[in-house]
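The residues making up each chain are set out below.
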Amino acid sequence: MNVLELKGITKRFPGVLANDHVSFELAEGEVHAILGENGAGKSTLMNVLYGLYEPDEGEIVLNGTPVRLSGPRDAIAHGIGMVHQHFMLIGAMTVTENIILGDEPTPVWYHRREAEERIRSLSEQYHLGVDPHARIESLPVGLQQRVEILKAFYRQAHILILDEPTAALTPQESEELFSIIRHLTQQGISVIFISHKLDEVLQIADRVTVMRRGVAEATLSARDATPQQLANLMVGRDVVLRVEKPPQEAGEVLLSVRHLQVAGRDGVERVHDVSFNVRAGEIFGIAGVEGNGQFELAEALAGVLPVSGGQLLLAGKAITSMSALERARAGIGYIPEDRSTEGLISDFSITDNFLLKEWQNPRFFGPLGLRRSVAEAYALEEMEAFDVRPRDPRLPAGHLSGGNQQKVILAREVSRSPQLLIAAQPTRGLDVGAIEFVHQQLLRLREAGRAVLLISLELDEILTLSDRIGVLYGGRLVAVVPGETATREQLGGYMTGATPAQEEGVVP
Amino acid sequence: MEAGAIPKEGKLGQMRHFKRGTIGFIGASLAVLLAACGGSGSAGSTNTPSQQSNSAAASQAAGEGTSGSGTASGLKVGLVADVGGLHDHSFNQSADDGLMRAQKELGIQATAVQSQRPEDYVTNLSNLAQQGDQLVIAVGFNMTDAVQQVAPQFPKTHFLLIDSTVNLPNVTSALFKSEQAGYLVGALSGLLETKGGLPHLNGQNVVGVIGGQEIPPVDSYIAGFQQGFKQTDPSGKVLLRYVGNFTDTAAGEQLASLEISQGTDIVFQVAGPVGQGVFNAASQHNAYAIGVDSDESYLAPNVVLTSAIKRVDVAVFDTIKALQDNSLQSGVSTFELKNDGVGMAPPMKGIPQAIVDQVNQLKQQIVAGQITVSPEVQK
Amino acid sequence: MSAGTPVRRWGAIGGVFFPVLSVLLALVVGSIVAAATGYNPLGTIGALVDGAFGDPTRIAATLSAAIPLMIVGLGVAVTFQAGLFNIGAEGQYWIGALAATYVGYAISLPPILHILACFLAAMIAAGIWAGLIPGLAKAYRGANEVITTMMLSYVAIYLGQYLVESGPMKAPGTLPQSPIIAPSATLPILVQPQFSAGIFVAIVAAAVLWWLFYRSSWGYQLRTIGRNPVAARYAGMSVARQYVLALGVSGMLAGLAGAAQILGVQHRIYDSFSSGYGYTAIAVALLGRNNPIGVVLAAILFGALTTGGQMMQINAGVDAQLANVIEGLIVFFVAAEAIIRWIQGRFHLPRRASGRPQHAETPAVVEGER
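Position labels on residues start from 1 in each chain and follow its written sequence. As they are written, the chains are lettered A onward and the ligands numbered 1 onward, keeping that order. The model is predicted, so local features are restricted to residues of pLDDT at least 70 and side-chain atom pairs to those at 80 or more, both for listing and for counting; the totals for chains, interfaces and linings are taken over all residues. Water and hydrogen atoms play no part in the side-chain values, which are based on all heavy atoms of the structure.

S.K.: Quick one: what's the story with the overall build of chain B, residue by residue and with numbers?
M.R.: Across its full length, chain B carries 12 helices and 12 strands. Only protein chains enter the calculation, and the probe is 1.4 Å; a residue is then buried if its accessible area is under 20% of its type maximum, exposed if over 50%, and partly exposed in between. In chain B, which comprises 379 residues, the share counted as buried stands at 57%. We call two residues in contact whenever any of their non-hydrogen atoms come within 4.5 Å of each other. Restricting to contacts in chain B with at least 6 residues of sequence separation, those with at least 24 account for 70%. The way it works is that DSSP assigns letters per residue, a run of H or I at least four long becomes a helix, a run of E at least two long becomes a strand, and they are numbered from the N terminus.

In structure tokens:
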């Protein structure tokens, strides 16, 4: 029996058709995933369902009855609960206070003990393991998310919308979330699971609806669907999920790292005696669990963090004491870990973002100041080469989608034709199409005989792209293995310190 | 500017004082509330009766309509208050009182303008002269330069400058022998220190002065106070401190508290609006204070013994009257005890009559020229 | 993201739209206050506008009042662009005025040279006051510039009061004021009584600053650092040096304003010389969105409020405090702009579909990411 049906939902915004006659149904106890790239209209659809937007056309049917939802309160009253990607919790308050907030029986007071009791029993019933007394800010992200889920059940939700629920979670926490979702469905709760990640959708969902450009392309049974099929539906063309990496002989050593020691901003040493080489035409992957010194290593190589010991050579020349700008000039490109807070200035135009490392370049800053037309022409050229959309160099970078932002950064760094590109988490948060693009660009650099240092938390990415893989654990390079023969299990062992490093595996 | 754009009726007049308080935004917000609740009637009743409830706009209306009460002479007089504001409990307010009295009794048309910045002095004086006022009053020595600059450009307009001198044919400078007023309150303090008679006197024979700034109009009071005090209490001690400005009430309170902690039981404030801080300190520490410029007893009835007053209102009124009688002269007009230009406000109840009598005797001696008071501070 | 076009449209208009909206809202609420207190609201606003722009002399007075606000406002904008907050412009204004006054009366030089010397002295003194001390403290010791500039502002004001009340700059005689500057150091008056050639100083300063901000490499660095110091470091910019420079230039402009005011209008310095321009300028910079053109317009608006407020008293008997109320309301609505934007974004724009985070809407809420 369907608890929910959306029939022909259409929602327009000025200049955008966000939902185009979307139909969707949800059975009792089912996990129905909505899969789509950023901007495909998933969130709009959910906001319609949650009463935040009024649809221009179409109807919402709950348990067989058409309803009109004029706000979240209506939706909640109809048993719909939503866990947003960004939690709506107040850090300084307790779990109970956060859950009660907005649902107090009277404006002034509430029965705290009663509420706590209910929250405790709900938490037990759904295997959530949340302590009603805990302060939100003391909880890890995974638990905060469960508080949000509890909030929905406290309001007697039987339809739960989870908007990109794994975006903020560690793999471990994601697994726990999935087992919670399974418990929920056993108890008759229906879940709408919004995501752009193929594998997790296939793992948890019963059915998958793929959305693209505001249209529901198809609804498939998760059992029958293949990742390739879903990816093609999402992107609207044939996607290369697994990039082809032609075999290639590596050239001379371009980057040589010798006994490197780096202290983090807090002064604590995070990288201990790390040595490795990256050669021309090679992608050197650095694997590791977050917080094991990868990003300190990246910043030290880029010249942002000072080196406290050791030596760095670029094509045989010492760069240890060079500033960030000097290293950029010497041929190091850098894609920082967090594009929106580190790589881009979001309220600068795209053109201005292209100038980030050019502020001393007389080509752009002449005696009369900025040569605007030169700069814009350059930006436009690069935007075309990297297919940045919309192709408007005066648009603030913050208005681009994540994938297009990353393309701007890539374009900026690659256009300087670097000897070495340091790419830290280059595909974090991107959707399938954009990931494919970034990967192709990295491979193209490899083909062109440049060196790439890829730092990623995604093991699959490392395994797919790298010619050699170094594993950082506790700030030490515990192993270097050839990419061809490396396996997940092997790397996972090194990453968690479970397997001792083999002496012969470490390449100086 | 078309005055017609603004309602000219009495309501405006009633409201004027009410809104002109220096509390700005908060005041206006409160006004909204009050007006919403009680209508304009409550607003009218908050006015102190002695102050103007008439307004510039109303008087303009009276002038234009040639109606108005009393003997409408059609004389137009403008007044520019300095940045202290028209309701500074001090000389600006006193000047405004004189203007309002003239409006009532002499039937002149009055406009009072409050300056928000020192740069406004020149603009405001010029604007008033330009709109045809025969007499423009500049309140405060801060406007000396401005009068010097504006007066030559309007030779047909007469200017009255309070507390400072400018030598121009169309300028009258009003100077006050405030040292004489200071002398009287100083003498009163000395007598109280030696003879007692009030509950909170501590017998330590120390009095204090809080000055605004080291400028002549302040120092003359202080000089007189020192001399009067020495006259009646030769062995007593006078503490003297300056706040450095006329706006920092909190600093005034601190300095007064400091002096009180050093034995002072009577504090003479010569710091204009900062005086409120002095009164607060005196009230908290069970001491007494003496007001300045106008009778300030209403600000702290159980604290203020008396006030050394400078009758700016008298100077303003007399000057307007002289202009009306065609007897106004340029140059310096001196206001002193003899012509009631300065004086001492009625003393607080409870001060022994014998002491008051003795002060009055000293006053007669000054008027008679038997005592001369110097305006120079002893430091 | 496909919603780029409408967002863009707002981005382009938003820069002008929100300040104008703030001003209009302030005028509307100001009219309500006027009406509630017994005035004809349209007449009151009319009196204000007429008082500020009704005839050439009034326009001159408005511009005259705007000059110091423009120049100090530009200075404050420099620090805002760099992500700093110079709250001590008032003190730097004093320092500039003191230096200009001193050079103006104590040294004799030929006319134009004398004026230039005064400006130079003011800019150097105030630049050092803001740049050397708070700038270096910020850049190399991390001292919060809000605190240091504010504290030094007090020091400057009390120093100035000491100098003219009983210190070496006190003029002979009894009044606590400096001597008058020499005629050779006086800026020509364009319109009597006090609209001086200082307006050219302000306009040149605005033009130079506009070029610096949007065309020069220095301005590019400044704006980058102000928006994203991390990215600036990646780009090899010296954040510390730019902090010192930004505060220094900011102080120089505040000092220049003090000098222009002395040379053009006041001709000497005295204790109540301060009119809080340093503080009003913060509102001017915010309303002008730290864009030099915006700052000039915002300064004219605030100048108009003062002049209009004064004329309103004389000609219509309307209280000057009402102008203050409107001024306060403008500041309030400028500050509330974030709220207005939020409301606007919440109800009229498509939220960015399922993608990147929108930060800083509700700081109290725990962000799910990271």
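S.K.: Just give me the short version of the packing of helix α7 (residues 198-215) of chain C against helix α8 (residues 217-227) of chain C, but keep the residues and values in it.
M.R.: Residues and elements named next belong to chain C. Between the N-to-C directions of two axes lies an angle of 0 to 180 degrees, each axis being a line fitted to C-alpha atoms and, for a helix, fitted only over the stretch in contact. Between α7 and α8, the least distance of the axes is 5 Å, while the angle of their chain directions is 70 degrees. One element, α7, and the other, α8, form an angle in the roughly perpendicular class. The residues of α8 that touch α7, namely those facing Leu212, Phe213, Tyr214 and Arg215, are Ser217, Trp218, Gly219, Tyr220, Leu222 and Arg223. Amino acids are sorted into nonpolar (Ala, Val, Leu, Ile, Met, Phe, Trp, Tyr, Cys and Pro), charged (Asp, Glu, Lys and Arg) and polar (every other residue, Gly among them). Considering only residue class, the contact of α7 with α8 consists of 6 nonpolar, 2 polar and 2 charged. An angle below 35 degrees is read as roughly parallel, one above 145 as roughly antiparallel, one from 65 to 115 as roughly perpendicular, and any other as oblique.

S.K.: Which residues make up empty space enclosed by the protein, and what values do they have?
M.R.: Cavities and pockets are defined on a 1 Å grid built over the protein atoms alone: a cavity is a set of grid points where a 1.4 Å probe fits but cannot escape, while a pocket is an open set with protein on both sides within 12 Å along at least five of seven lines, and lining residues are those with an atom within 4 Å of any such point. Grid points are joined across faces, edges and corners, and a volume is the space filled by probe spheres set on the points. For the structure on display, the rule yields 12 cavities of 30 Å³ or more. What the largest cavity holds in volume is close to 110 Å³. Among the elements of the structure, α5 (120-130) of chain B together with α3 (56-81) and α12 (292-316) of chain C are those that each provide at least two residues to the lining of the largest cavity. Among the elements that line the lining of the largest cavity, the one with the most residues is α3 of chain C, at 5 residues. Considering only residue class, the lining of the largest cavity consists of 6 nonpolar, 7 polar and 2 charged.

S.K.: Tell me about the pairing of strand β21 (residues 468-473) of chain A, and name the residues and values.
M.R.: All names here are of chain A. For β21, the buried fraction is high: 5 of the 6 residues fall into the buried class. Note: two strands are recorded as paired if DSSP finds a minimum of 2 bridges between them. Looking at chain direction, strand β13 (residues 282-287) and β21 are connected through 4 bridges and run parallel. If you follow Phe284 over to β21, its bridge partner there is Arg468. Here 6 bridges tie β21 to strand β22 (residues 476-482), and the two strands are oriented antiparallel to one another. Bridge pairing in β22 places Gly470 opposite Val480. Where β21 folds back onto β22 in an antiparallel hairpin, the turn is made up of 2 residues, including Gly474, whose phi is positive at roughly 60 degrees.

S.K.: An account of the sheet that holds strand β7 (residues 237-242) of chain B is needed here, citing residue identities and associated values.
M.R.: The strands that make up a sheet are held in pairs by hydrogen bonds between backbone atoms, and each pair lies either parallel or antiparallel. Residues and elements named next belong to chain B. With respect to topology, 6 strands assemble into an open sheet ordered β7-β6-β8-β9-β10-β12, the strand pairing being mixed. The sheet is open, and its two borders are formed by β7 and β12 (342-344), each paired with just one other strand. Here the average twist between neighbouring strands, direction ignored, is 15 degrees. When strand β6 (residues 206-211) meets β7, the two strands line up parallel, connected through 6 bridges. Bridge pairing links Gly208 to Leu239 in β7. Most of the contacts of helix α9 (residues 249-261) go to β7, to which it runs at about 160 degrees, and overall it touches β6, β7 and β8 (264-270).

S.K.: I'd like a rundown of helix α17 (residues 488-495) of chain A, residues and numbers included.
M.R.: Looking only at α17 of chain A, the buried set comprises Leu491, Gly493, Tyr494 and Met495 of chain A. Count one or two residues on from α17 of chain A and you reach Gly497 of chain A, which has phi positive near 75 degrees.

S.K.: Quick one: what's the story with the packing of α3 of chain C against helix α10 (residues 239-266) of chain C, residue by residue and with numbers?
M.R.: Residues and elements named next belong to chain C. Where α3 contacts α10, the two axes come as close as 8 Å, and the packing angle between them is 175 degrees. With respect to α10, the axis of α3 lies roughly antiparallel. Contact residues: Pro68, Ile71, Val72, Leu74, Gly75, Val76, Val78 and Thr79 in α3; Ala246, Leu247, Val249, Ser250, Leu253, Ala254, Leu256, Ala257, Ala260 and Gln261 in α10. Grouping the constituent residues of the contact of α3 with α10 by class yields 14 nonpolar, 4 polar and no charged.

S.K.: Report on the environment of His114 of chain C, specifying residues and quantitative values.
M.R.: Residue and element names in this part refer to chain C. Among the structural elements, His114 can be located in helix α5 (residues 111-141). C-alpha separation for the pair His114 and Val103, spaced 11 residues apart in sequence, amounts to 8.0 Å. With residues up to four places along the chain from it excluded, the contact list for His114 reads Val103, Gly104, Ile107, Ser108, Leu109, Ala182, Ser184 and Ala185. A polar atom in the side chain of His114 sits 3.1 Å from the backbone oxygen of Ile107. For the purposes of these results, a polar contact is taken to be a pair of N or O atoms within 3.5 Å, where, inside protein, one atom must be able to donate a hydrogen and its partner to accept one; residues adjacent in sequence count only when each atom of the pair is a side-chain atom.

S.K.: Could you give me a rundown of the domain arrangement of chain B, with the residues and numbers involved?
M.R.: Residue and element names in this part refer to chain B. The domain architecture assigned to chain B consists of domain 1 (15-176 + 312-336) and domain 2 (178-310 + 349-367). Opposite the 11 residues of domain 1 that make contact, domain 2 presents 13 residues. When two parts are brought into contact, each loses some accessible area as probed by a 1.4 Å sphere; the total of that loss over both is the buried area. Summing both sides of the interface, domain 1 and domain 2 together bury roughly 1000 Å²; the carbon and sulfur share of this comes to 54%. Summed over the three residues of domain 1 that lose the most area to domain 2, namely His89, Phe141 and Phe176, the buried surface amounts to 48% of that side. Throughout this description, the term salt bridge denotes a Lys or Arg side-chain nitrogen within 4 Å of a carboxyl oxygen of Asp or Glu. Between the two partners, domain 1 and domain 2, sit 1 salt bridge. Between Asp163 and Lys310 there is a salt bridge, with its nearest N and O atoms 2.8 Å apart. On inspection of domain 1 and its partner domain 2, the count reaches 3 residue pairs in polar contact (both at pLDDT 80 or more). Segmentation of the chain into domains, including their bounds, is taken from an automatic or database domain assignment.

S.K.: Outline α9 of chain B, supporting the account with residue identities and numerical values.
M.R.: With 13 residues, α9 of chain B extends 18 Å from end C-alpha to end C-alpha; this agrees with the ideal 18 Å at 1.5 Å per step. Burial in α9 of chain B covers these residues: Ala251, Gly252, Leu255, Ala256, Ser257, Glu259 and Ile260 of chain B. Here the expected span of a helix is defined as 1.5 Å times the quantity of residues minus one.

S.K.: Help me get a handle on the environment of Leu177 of chain A, residues and values and all.
M.R.: Take Leu177 of chain A: it is sitting in helix α6 (residues 171-186). As a C-alpha pair, Leu177 of chain A and Arg212 of chain A span 35 residues in sequence and 26 Å in three-dimensional space.

S.K.: Please provide a residue-by-residue account of the sheet that holds strand β20 (residues 451-455) of chain A, values included.
M.R.: All names here are of chain A. Ordered by their spatial adjacency, 6 strands build an open sheet running β16-β19-β20-β13-β21-β22, and the pairing between neighbours is mixed. Every interior strand has two partners, whereas the edge strands, β16 (332-335) and β22, have only one. If you compare each strand with its neighbour and ignore which way they point, the axes differ by 20 degrees on average. Sitting on the sheet, α17 touches β13, β21 and β22, and the angle it makes with β21 is about 30 degrees.

S.K.: Kindly report on the pattern of salt bridges, identifying the contributing residues and their values.
M.R.: For side chains of opposite charge, pairing can occur when their charged atoms come near one another. Residues and elements named next belong to chain A. Under the criterion given, the structure shown has 35 salt bridges over all chains. Residue Glu5 is joined to Lys7 by a salt bridge in which the shortest nitrogen-to-oxygen separation is 3.8 Å. Classification of Lys7 by relative accessible area gives partly exposed; the value is 39%. Of the charged contacts in the structure, one is a salt bridge between Arg212 and Glu217, with a shortest N-O distance of 3.7 Å. Owing to a relative accessible area of 22%, Arg212 belongs among the partly exposed residues under this scheme.

S.K.: Requested: an account of the confidence of the model for chain C, with residues and values cited.
M.R.: In low-pLDDT regions, the fine details of the predicted coordinates are not to be read closely. All names here are of chain C. Summarising the model, chain C shows a mean pLDDT of 82, and 86% of its residues fall at 70 or more. Low pLDDT, under 50, characterises residues 1-12; the predicted model gives this stretch 19 contacts beyond four residues in sequence or across chains. Under the prediction, the complex receives an ipTM of 0.77, its pTM being 0.72. Per-residue confidence from the predictor is reported as pLDDT, which spans 0 to 100.

S.K.: Go over the side chain of Glu173 of chain A with me, naming the residues and quoting the values.
M.R.: Residues and elements named next belong to chain A. Position of Glu173 relative to the elements: it lies in helix α6. Despite its burial, Glu173 pairs with no opposite charge; the closest candidate is Arg146, at 6.9 Å N-O. At 3.1 Å, the side chain of Glu173 and the backbone nitrogen of Gly142 are in polar contact. When charges are tallied, Lys and Arg are placed among the positive residues and Asp and Glu among the negative ones, while His and the ends of the chain are skipped.

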